[in-house]
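# Reading the structure
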Amino acid sequence: MTEVQTYLYELKIKLEQNYAHQPEFMQAVDEFLGTVAPFLEKNPQYVANNLLELLVIPERIIEFRVPWQADTGDWKVNTGFRVQYNSALGPYKGGLRFHPTVNQSIVKFLGFEQIFKNSLTQLPIGGGKGGSDFDPKGKSNAEIMRFCQSFMQELQKYIGPNQDVPAGDIGVGGREIGYLFGEYKRLNSYQAGVLTGKPLAFWGSLARTEATGYGLVYFVKHLLADINETLQNKKVIVSGSGNVAIYAIEKAQALGAKVIGCSDSSGYIIDNEGIDLATVKEIKEVKRGRINEYLTIHPHAQFFEGQNIWETHEKYEIALPCATQNEISAEQAQNMIAQGVKIVAEGANMPTTLTAVTILKENQVIYCPGKAANAGGVSVSGLEMSQNSQRLPWTFEEVDEKLDEIMENIYKKCRDTANEYSTPMDLMAGANIAGFERVALAMTLQGLV
Ligand code: NDP
Ligand code: 2IT
């Protein structure tokens with residue numbers, strides 16, 4: 001073993017001893033450590049400085065009690081988290097997730113990936129993530145408001161426009177950001193840049209709602225352009241039907257693709273005539289309903305209750321997983337290949353298990369990791385921060401154009417870095433190394449802090 005390999009091996013053993021109880025965190029770290037050796041061989045100073053161990057330990061983890069009152073009058077409590085992972089490139093930046101599965105392992109994996117994602121955007125933002133095990137499903141508007149207010153009572157002590165700037169993620173959209181912002185303002189002062197993903201009514205950025213889904217499709221568009229192809233007439237399947245999924249479908253359709261399926265946690269729908277997005281938006285954005293309601297308007301479509309969309313027997317070429325982590329297992333990856341998939345581009349964070357990634361790569365499927373392909377959301381969050389600092393809103397077209405440009409740059413950077421350090425089109429290695437390069441340099445220049 002080379003010195004670099006020994007270093008990575010020993011670090012991995014140490015982390016496994018300490019964090020075996022945090023499987024999602026270990027998965028994200030394993031994926032990263034598995035790709036960076038060629039870069040470290042050329043940059044031995046980072047091994048000498050033990051930079052990777054510094055990088056995998058968050059600068060700070062905040063965990064707090066969130067008490068709130070249900071409409072029934074009952075007293076409830078959840079746990080809140082904020083991982084302030086790495087501030088080498090700027091204030092901590094990353095979303096808040098409200099979902100019953102949230103725990104320290106989940107926020108750490110998300111925060112770790114966010115460091116490299118934010119670095120890839122080339123914007124001045126560090127990495128962070130947070131959330132709560134609160135389940136927004138079935139809660140009244142008043143309960144959501146009280147929960148957000150209580151969550152912010154504690155979180156406000158640790159955030160600020162130059163310190164840590166949260167945004168949305170699963171279960172946190174414009175409504176929640178609005179309530180969180182109101183409470184922050186009440187306790188502090190009007191700091192527009194303390195949160196992003198704000199409603200357009202006050203200091204939000206045009207195109208932020210669309211940014212992650214649009215950015216994902218722009219990434220695929222630039223990838224296809226490289227092989228003289230377009231999205232025209234491509235068959236696409238998207239998982240999820242939340243913020244990222246909806247705007248991925250919208251942009252894919254606008255570029256001529258035929259999207260035939262989407263899902264939520266209750267099952268998936270297939271519409272061979274092409275998903276009618278207006279119906280999905282009405283169900284999800286307006287009524288906050290379930291995906292099977294699609295069939296009441298489009299009875300020719302099919303609903304597969306309780307099933308995972310990646311088990312479908314429909315044929316398609318492009319998969320856009322936009323729901324949650326580890327939604328694609330090894331068996332599901334095999335099935336995707338059997339259905340003809342050529343590109344898997346992740347709108348979600350870490351939706352593909354490591355074994356599934358290996359299977360996809362072995363079968364020449366182009367795999368676009370979330371930390372590169374879904375970076376459009378945080379990119380426009382960065383642009384929202386710029387607009388807030390300038391006190392000037394930009395037009396939709398201006399923001400959208402910048403988003404497209406950022407996604408093109410990220411794609412090309414990942415592609416070129418893969419060519420330099422790994423095998424062609426190993427975009428996972430490309431994203432990890434290119435993301436790491438900027439952070440590692442900044443950390444080194446800032447010294448041992
Ligand atoms: P939303 O809450 O808007 O939507 C989430 C969607 O995924 C819903 O359809 C939800 O179904 C489904 N889902 C969530 N958890 C599960 C689960 N355990 N099993 C099956 N389906 C599930 O979230 P977003 O669209 O914002 O986020 C989706 C993904 O994209 C996440 O991985 C997030 O981290 C990532 N992401 C989001 C960004 C953003 O800007 N919002 C930016 C970059 C990445 P149901 O309603 O039934 O729970
Ligand atoms: O995973 C992500 O990049 C997000 N949820 C968006 C983060 C942000 O700060 O906009």
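Residues numbered from 1 in each chain as written. Chains lettered and ligands numbered in written order. Predicted model: local features only at pLDDT ≥ 70, side-chain atom pairs only at ≥ 80, totals over all residues. Heavy atoms only, no water.

### Overview of the pairing of strand 2 (residues 75-86)
- One ladder, built from 10 bridges, connects strand 1 (residues 60-69) with strand 2; its direction is antiparallel. Across the sheet, Gln 69 pairs through a bridge with Trp 75, a residue of strand 2.
- The hairpin formed by strand 1 and strand 2 contains five residues between the paired strands, and Gly 73 there has a positive phi angle of roughly 95°.
- Where strand 2 meets strand 4 (residues 127-132), six bridges bridge the pair, whose relative direction is antiparallel. Residue pairing across strands places Val 83 opposite Lys 129, the latter belonging to strand 4. (Pairing = 2+ DSSP bridges. Helix = DSSP H or I, 4+ residues; strand = E, 2+ residues; numbered from the N terminus.)

### Quick notes on the sheet that holds strand 12 (residues 366-368)
- The strand order across the open sheet formed by seven strands is 9-8-7-6-10-11-12, and the pairing between neighbours is mixed. The open sheet has two edge strands, strand 9 (302-305) and strand 12, and neither has a second partner. Strand after strand, the sheet turns through a mean of 15° between neighbouring axes, direction not considered.
- In this sheet, strand 8 (residues 267-270) lies alongside strand 7 (residues 258-264) in antiparallel orientation, the contact comprising four bridges. Considered in strand 8, the bridge of Ser 263 is made with Tyr 268.
- Set on the sheet, helix 10 (residues 243-254) makes contact with strand 6 (235-239), strand 7 and strand 10 (318-321); between it and strand 7 the angle comes to about 175°. (Axes fitted to C-alpha atoms, helices over the stretch in contact; angles between N-to-C directions. Contact = heavy atoms within 4.5 Å.)

### Quick look at the nonpolar core
- Within the largest apolar cluster, 55 residues are counted, with the highest numbers of intra-cluster contacts made by Phe 219, Leu 320, Cys 368 and Ile 410.
- Core analysis: the second largest hydrophobic core is formed by 42 residues, Val 29, Tyr 46, Phe 436 and Ala 440 among them. (Core = buried A, V, L, I, M, F, W, Y, C linked by side-chain atoms within 4.5 Å. Buried < 20%, exposed > 50% of the residue type's maximum accessible area, 1.4 Å probe, protein only.)

### Some thoughts on unusual backbone geometry
- Not every positive phi belongs to a glycine, and Asn 50 is a case in point at roughly 55°.
- You will see that Gln 364, though not glycine, has its phi angle at about 60°, which is positive.
- Note that Gln 364 resides in the loop between helix 14 (354-362) and strand 12.

### Some details on the packing of helix 6 (residues 104-120) against helix 18 (residues 427-446)
- Where helix 6 contacts helix 18, the two axes come as close as 8 Å, and the packing angle between them is 80°. On the basis of their axis angle, the class for helix 6 and helix 18 is roughly perpendicular. Residues Ile 115, Phe 116, Asn 118, Ser 119 and Leu 120 of helix 6 form the contact with helix 18, whose participating residues are Ala 431, Asn 432, Ala 434, Gly 435, Phe 436, Arg 438 and Val 439.
- Across the contact of helix 6 with helix 18, the residue classes tally to seven nonpolar, four polar and one charged. (Parallel < 35°, antiparallel > 145°, perpendicular 65-115°, else oblique. Nonpolar A, V, L, I, M, F, W, Y, C, P; charged D, E, K, R; others polar.)

### Points about the site of ligand 1
- Taken together, 25 residues are adjacent to ligand 1, and Asp 169, Thr 212, Ser 265, Arg 290 and Asn 349 come closest.
- At a separation of 2.9 Å, an oxygen atom of ligand 1 approaches a polar backbone atom of Asn 243.
- At 2.5 Å, a side-chain N or O of Arg 290 approaches an oxygen atom of ligand 1.
- For ligand 1, the protein covers 83% of the area, taking 880 Å² as the surface of the free molecule.
- Residues belonging to the shell around ligand 1 are distributed by class as follows: five nonpolar, 13 polar and seven charged. (Near = heavy atom within 4 Å. Polar contact = N/O pair within 3.5 Å; in protein donor to acceptor, adjacent residues only side chain to side chain. Areas by Shrake-Rupley, 256 points an atom, 1.4 Å probe, with all protein chains shown as cover.)

### Points about the pairing of strand 4
- Strand 4 sits mainly inside the fold: six of its six residues count as buried.
- Neither face of strand 4 is left uncovered, since the one carrying Gly 127, Lys 129 and Gly 131 and the one carrying Gly 128, Gly 130 and Ser 132 both have all their residues buried.
- Pairing between strand 3 (residues 92-98) and strand 4: three bridges, direction parallel. By the bridge assignment, Arg 97 is partnered in strand 4 with Gly 131.
- Read as a crossover between parallel neighbours, the route from strand 3 over helix 6 to strand 4 is right-handed. (Right-handed = clockwise from strand over helix to strand, strands pointing away.)

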